[in-house]
Amino acid sequence: MPDISQSQAQAFNCEGGLVKNRSTFLMQPGEALVLENFEPDIEGGYRRINGHRKLINQIVPQTNNSGEKILMIAKFVDKYIAARGEKIWSTASAELRTVIEANTSMTGSGTIGVDNVSGFSSSGTVELAISETEVERFTYTGINPASDPPTLTGVTRQVDSTNARKHLSGTQVSENWTQIDSGRTNAGKYRIERFNFNGTEKIVLVDEVNAPLIIDSSMNLTDVNTAAVVGSKFVASFANRLFYAGKGTTPEELVFSAGFDEDNFSAGASDPAGSIRVDDTITGIKVFRDSLFIFCENRIFKLTGNTSSDFSVQAVTRSIGCINGDTIQEFGGDLIFLGPDGLRTVAATARIGDTELGTISRNVQSIFDENIKNSSLFESVVIADKTQYRIFFSKTGQSNSQTRGIICVLKENGFEFSEIRGIKPASTDTFVETGNTFVLHGDFEGYIHRQEIGNTFDGIPILGKYRSPDMSFGDTGVRKHMQRVILNYKPESAIDADLLVRYDNESVSSARPAAYPLDTADVAAVFGISSFSTQESAFQFIFGGPSQPLVRQAVEGSGFSIVLRVNDGGETAPYSLKGFQLEYQLGARR
């Protein structure tokens, strides 16, 4: 038997997230020096992120040229609304619930079963994706919401000479875009607010240039032509009225409508309209609890009250501002926003009416310092079921693969961070429907995507990277002869990744053993959740198998400090790195 009398073992959980502001020798073993396209998992560990795919297979039609980006995407009632160029469009989308075989004939009497037909026209054309660049078109002449599943009826396939292919359950089914508004000359980035003052769901859109547009649940459109709000950048619903801000000629002014009447700006109304000025340029407004927070370039205010007669504005701070209003989100019981020094929160303390400001992004401050310049196109989303905030550093002239961002996760002991690379949104929207969180973004090429779905970025591999600190286990002067690395992970399907072991701060003069594959095709199955696999399947669901297996990998080399890296293959389902154990023997002191 081998002599293990001098063997040492060091185990650690993957926790603490990405840390860029401390010496690698002072970091905890579970923290990460590189954590790219992994997210701190609320169930523990670091999880390779999901991808995104097209929510609407059809491109949003352009107005003048193909370089027009998506200025807005929003889910409203049962429609998706998008803006591009000078026009606004609507459509519907659903997921396929019945498999369509390639040889199934549909010549006017076929059906397509989907999860929901709400929002679809009574007849029209739909597309189902074959790949990221190819679709099959179908026409339909009716809908049946009462069938199980709901169906599009009177279907003909292979329309417009598209090819018949097999379509699996879960494939996106989307209808053609319908124009609902035009003539929005020189429209900029849209901001939206959903509201209901009279029992009818409505949404208001502002685009920095034109009159605000109100759309009700029947898709009736109303322009708000009051001069004081035409050209507004920001809008919020507070105290049963709409507040507008950011107009180019009066950037410090907040204009509000009459109570319960979004299109009435009369000072003579029973609950009159009015305006409020602050002493700085407004960069965003957001309702939080019982206040409307007014973010400015160098100051933050909050407005309280219920009617125009008792509105009151107090300064929260006169020394810190928000540099991009699209980064303001309600997150984990706080408001989070991008300040000049990174992410900050506005948190109400236990003392009623008091407010506390906090900086939370010190661990990744260097990434913000590198990217915060030219922040006007930055976007953000909140993924509520993961208590996760994402900020994307979108910039003109930068490719998707070059675009970086930060993932911030609220955990029991505070915030943990990681880096995201490869997603470049031009606009975003997030909503929760029947318990499911939908994260949407419009891109710079004219398409609408749904995040948190799929294993690639719309066909582009997700290159995940993890790097541990340089671990010396308390003594950098003693050589460690590595024997084994034990990895505890939680797969969701087969994985394809490599484990690399490096020594002495990755010195080129130290041992650099070849990558150790972490590929596995055997995955634990759970009754009621997992699909059945066959002998020919790429991966096997094993009923009764371990849900968090251990990989015991013998390794080579020695050094005074050890680094672990995991490089993901880019196209398999997510998995979580839960923890590691390193086994080694002590060598000589240098």
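Residues numbered from 1 in each chain as written. Predicted model: local features only at pLDDT ≥ 70, side-chain atom pairs only at ≥ 80, totals over all residues. Heavy atoms only, no water.

Trainee: Give me the lowdown on the confidence of the model for the protein chain, citing residues and values where you can.
Mentor: Keep in mind that low pLDDT regions are not for reading the predicted coordinates in detail. Residues of the protein chain with pLDDT of at least 70 account for 93%, and the chain-wide mean is 92. Ignoring residues within four places in sequence, the model shows residues 348-352, a span with pLDDT below 50, making 4 contacts including any to other chains. Of the regions scoring below 50 in pLDDT, residues 523-544 engages in 35 contacts with residues more than four places distant in sequence or in other chains. (pLDDT = per-residue confidence, 0-100. Contact = heavy atoms within 4.5 Å.)

Trainee: Tell me about the sheet that holds strand E21 (residues 234-238), and please be specific about residues and values.
Mentor: With antiparallel pairing, 4 strands are arranged side by side in an open sheet as E21-E22-E23-E24. Of all the strands in the sheet, the pair left with one neighbour each is E21 and strand E24 (274-277). Here the strands of the sheet are splayed against their neighbours by 25° on average, with no regard to which way each runs. Inspection of the sheet shows strand E23 (residues 253-256) paired to E24 by 4 bridges, in the antiparallel sense. Note that in E24 the partner of Phe256 across the bridge is Gly274. (Pairing = 2+ DSSP bridges. Helix = DSSP H or I, 4+ residues; strand = E, 2+ residues; numbered from the N terminus. Axes fitted to C-alpha atoms, helices over the stretch in contact; angles between N-to-C directions.)

Trainee: How would you explain unusual backbone geometry if you had to name every residue and give the values?
Mentor: Between Asp148 and Pro149 the backbone carries a cis peptide bond, its omega angle lying at 0°. Relative to the assigned elements, Pro149 resides in the loop between strand E13 (142-144) and strand E14 (151-159). Of note, Asn37 is a non-glycine position whose phi angle comes to about 60°, a positive value. On the basis of relative accessible area, Asn37 is assigned to the buried category, the value being 1%. Here the phi dihedral of Ser161 falls at roughly 65°; this positive angle occurs in a residue that is not glycine. With respect to the helices and strands, Ser161 occurs in the loop between E14 and strand E15 (172-175). (Buried < 20%, exposed > 50% of the residue type's maximum accessible area, 1.4 Å probe, protein only.)

Trainee: Break down the nonpolar core for me, with residues and values.
Mentor: Tyr466, Leu564 and Phe580 are the most contacted members of the largest nonpolar core, which has 46 residues in total. When residues of this core are traced back to their parent elements, those giving at least two are strand E30 (334-339), helix H1 (365-371), strand E34 (388-392), strand E35 (404-411), strand E43 (478-491), strand E44 (497-503), strand E50 (562-568) and strand E51 (575-589). Here this core gets 5 residues from one element, more than from any other, and that element is E51. Phe234, Phe238, Ile282 and Phe301 belong to the second-largest nonpolar core, a separate cluster that totals 18 residues. (Core = buried A, V, L, I, M, F, W, Y, C linked by side-chain atoms within 4.5 Å.)

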